[in-house]
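# Structural description and commentary
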Amino acid sequence: MVHYHYLLFTALFIGSATPLPTPQSGPIVLPVRHVVKNRSTGLERRQTGGQALDVNILSNDGAPAVELDIGTPSQKFLLFFDTGSSDTWIPAQDCSKQDGCLSGRAYNPHNSRSYGTVPENVRLFNATYGSGSAVGSYFTETVSFGGTQLKKQTLVAVDGSTGALAHQTRDDTSRIVDGIFGAGFPSLTVMADNGPSYNPILQSLYAAGLIPSPIFSVHLDNERGSVVLGGIHDGLDKAQIHYTNVVPENNSFKHWTGTINSINIDDKQKFLDQPKVFTFDTGTTLTMLPKEIATPLVRSAWPKAELYYDDGDTSGAGYFRIKDCSKNIPSGNLTFELPNASSTFTLSVPLRNLLQVISEPDDLCEVTIAAWRVAIIGNKLLANFYTIFEFGDQKRIGFAPANGIF
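One numbering rule holds for all chains: residues counted from 1, following each sequence as written. Only residues with pLDDT of at least 70 get local features here, since the model is predicted, and only at 80 or more are side-chain atom pairs given and counted; chain-wide, interface and lining totals rely on the full set of residues. The side-chain values count all of the structure's non-hydrogen atoms but skip hydrogen atoms and water molecules.

## Looking at the nonpolar core
The criterion is simple. A nonpolar core is a set of buried Ala, Val, Leu, Ile, Met, Phe, Trp, Tyr and Cys residues joined through side-chain atoms within 4.5 Å. The classification of residues rests on relative accessible area computed with a 1.4 Å probe and restricted to protein chains. Under 20% of the type maximum is buried, over 50% is exposed, and intermediate values are partly exposed. Ranked by internal contacts, the top residues of the largest apolar core, which has 72 residues, are Phe81 and Phe216. The helix count covers DSSP runs of H or I at least four residues long, the strand count covers runs of E at least two residues long, and both are numbered beginning at the N terminus. When residues in this core are grouped by element, the largest group, 5 residues, is from helix 2 (residues 291-301). The next biggest cluster of nonpolar side chains, apart from the first, holds 18 residues, and it includes Ala127, Tyr129, Leu165 and Val177.

What follows is the structure in structure tokens.
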């Protein structure tokens, strides 16, 4: 979910790595569940010494969702973990299904002893995303991760939303997502649009000494996926992690953006004329490329791929469908070359991993690369790797093998 002033969500960080006390809490694990996220353009917001917390993903298609306890006593909410935005929001008490709050779960400040307000001049929240919008009000609350309590955290109670979260289709309301866990930089918050910002949850956890390092690690495997706050996943070999620096926007860090030097198929066919900045966004399902890049890339692997638009709206994203999918599983790899501190490194994803089934009876698939006007690496592609996000003095994105290869 990349955040600009008109669509999508993307993560941004401004904090510095000030020495902190040793965290008091041990590792915290939240149970894994699986939820359905409809395909959408994305949730990226657009603009006008201790041990890590281990937060498990709730997802069934690579879109990560976590359960948070908010308030005292706690009220539980299921939220998408989104590196494309920075504000964390939940349904307000009066937000109904007609307003876009579908689960029936809503935050009631009267039932919490730790509810707090923010100054009236910064209270209004109005965000536009790649697949909708949300309006509401800022407030402060306690966010609990097991026995670890983050107090007086700034959050948002949403009075209404449109887009992907307002159009979830599921009879089991316990598996409907309530809102967004923004994993971005402070300068990407809505509050920062009009003045000083605040520390989102991850920066607040680090500033309070509740996580040991300004880092989080994401693994989007459907069965074992998790997000580690304050460290990297157990068993990861640090020597296998390759890092690229976050690219600032107008001298400020606003999205988890990095440069990709080239995109190739098996180092033969090249699809970038020059290096391009991409957003790495867990809240957007598909990888988005400009049409002039996406179309030749997809059709080089699937020559008969059909480009179509929802409702025939060519101003939106274009999607590629593959008929007779089981007979059109290509060999080879899609590769991305990225710069690091001294040279370059390459991420490689098998082309077969870029297909998702739309209809088994019709043998119909969709390519997880779409044509749009922005450049985003979405969670379907990120699921091939462990992705590490560092937001301290050094701001960078790291990659380690999962299903992908180097």
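Read on for the rest.
## Concerning the confidence of the model for the protein
Per-residue pLDDT for the protein has a mean of 85; in total, 82% of the residues score no lower than 70. Taken as a whole, residues 4-24 scores under 50 in pLDDT and shows 132 contacts with residues more than four places along the chain or in a different chain. Per residue, pLDDT measures the predictor's confidence, with a range of 0 to 100. Whether two residues are in contact is decided by their heavy atoms: any pair within 4.5 Å suffices. Overall, residues 26-32 carries pLDDT values under 50, and its contacts beyond four positions in sequence, including any with other chains, amount to 25 contacts.

## With respect to the state of the cysteines
We call a pair of cysteine sulfur atoms a disulfide when they lie within 2.5 Å. Evaluated as defined, the whole model comprises 2 disulfides. Sulfur-sulfur distance for the disulfide between Cys95 and Cys101 comes to 1.9 Å. Across the disulfide from Cys95 to Cys101, rotation about the S-S bond amounts to roughly 80°, and the bridge is consequently right-handed. Note on cysteine connectivity: Cys325 is disulfide-linked to Cys365, with sulfurs 1.9 Å apart. Disulfide Cys325 to Cys365: torsion about the S-S bond roughly -90°, handedness left-handed.

## Here's the deal with the packing of aromatic side chains
A pair of aromatic rings is counted whenever rings of Phe, Tyr or Trp (Trp by its six-membered ring) have centres within 6.5 Å, and the orientation is called stacked for planes under 30 degrees apart, edge-to-face for over 60 and tilted otherwise. If you walk through the whole model with that rule in mind, you get 17 aromatic pairs. Measuring from ring centre to ring centre gives 5.7 Å for Phe125 and Tyr138, while their planes differ by 90°; the resulting arrangement is edge-to-face. Of the two residues, Phe125 sits in strand 7 (residues 124-129) while Tyr138 sits in strand 8 (residues 132-145), which places them 13 residues apart along the sequence. Its relative accessible area of 0% is what places Phe125 among the buried residues. A residue is classified by how much of its surface remains accessible, and Tyr138, at 2% relative accessible area, is buried. Consider the rings of Phe216 and Trp256, whose centres lie 6.0 Å apart with planes at 80°: the pair is edge-to-face.

## Describing the environment of Ala402
Inspection of the secondary structure assignment puts Ala402 in the segment after strand 28 (395-401). It is 9.5 Å that separates the C-alpha atoms of Ala402 and Thr387, two residues lying 15 residues apart in sequence. Among residues more than four places away in sequence, those in contact with Ala402 are His219, Ala383, Asn384, Phe385 and Tyr386.

## Re the sheet that holds strand 22 (residues 344-350)
Pairing is antiparallel in the open sheet, where 4 strands are placed in the order 16-15-21-22. The outermost strands of the open sheet, each flanked by one partner alone, are strand 16 (269-270) and strand 22. Strands are labelled as partners when DSSP assigns at least two bridges between them. Note that strand 21 (residues 333-339) and strand 22 share 7 bridges and pair antiparallel. Bridge pairing in strand 22 links Glu337 to Thr346. Strands in contact with helix 2 are strand 15 (262-265), strand 16 and strand 21; relative to strand 15, the strand with the most contacts, it is inclined by about 20°. Orientation is described by axes fitted as lines to C-alpha atoms, over the contacting stretch for helices, and by angles from 0 to 180 degrees between their N-to-C directions.

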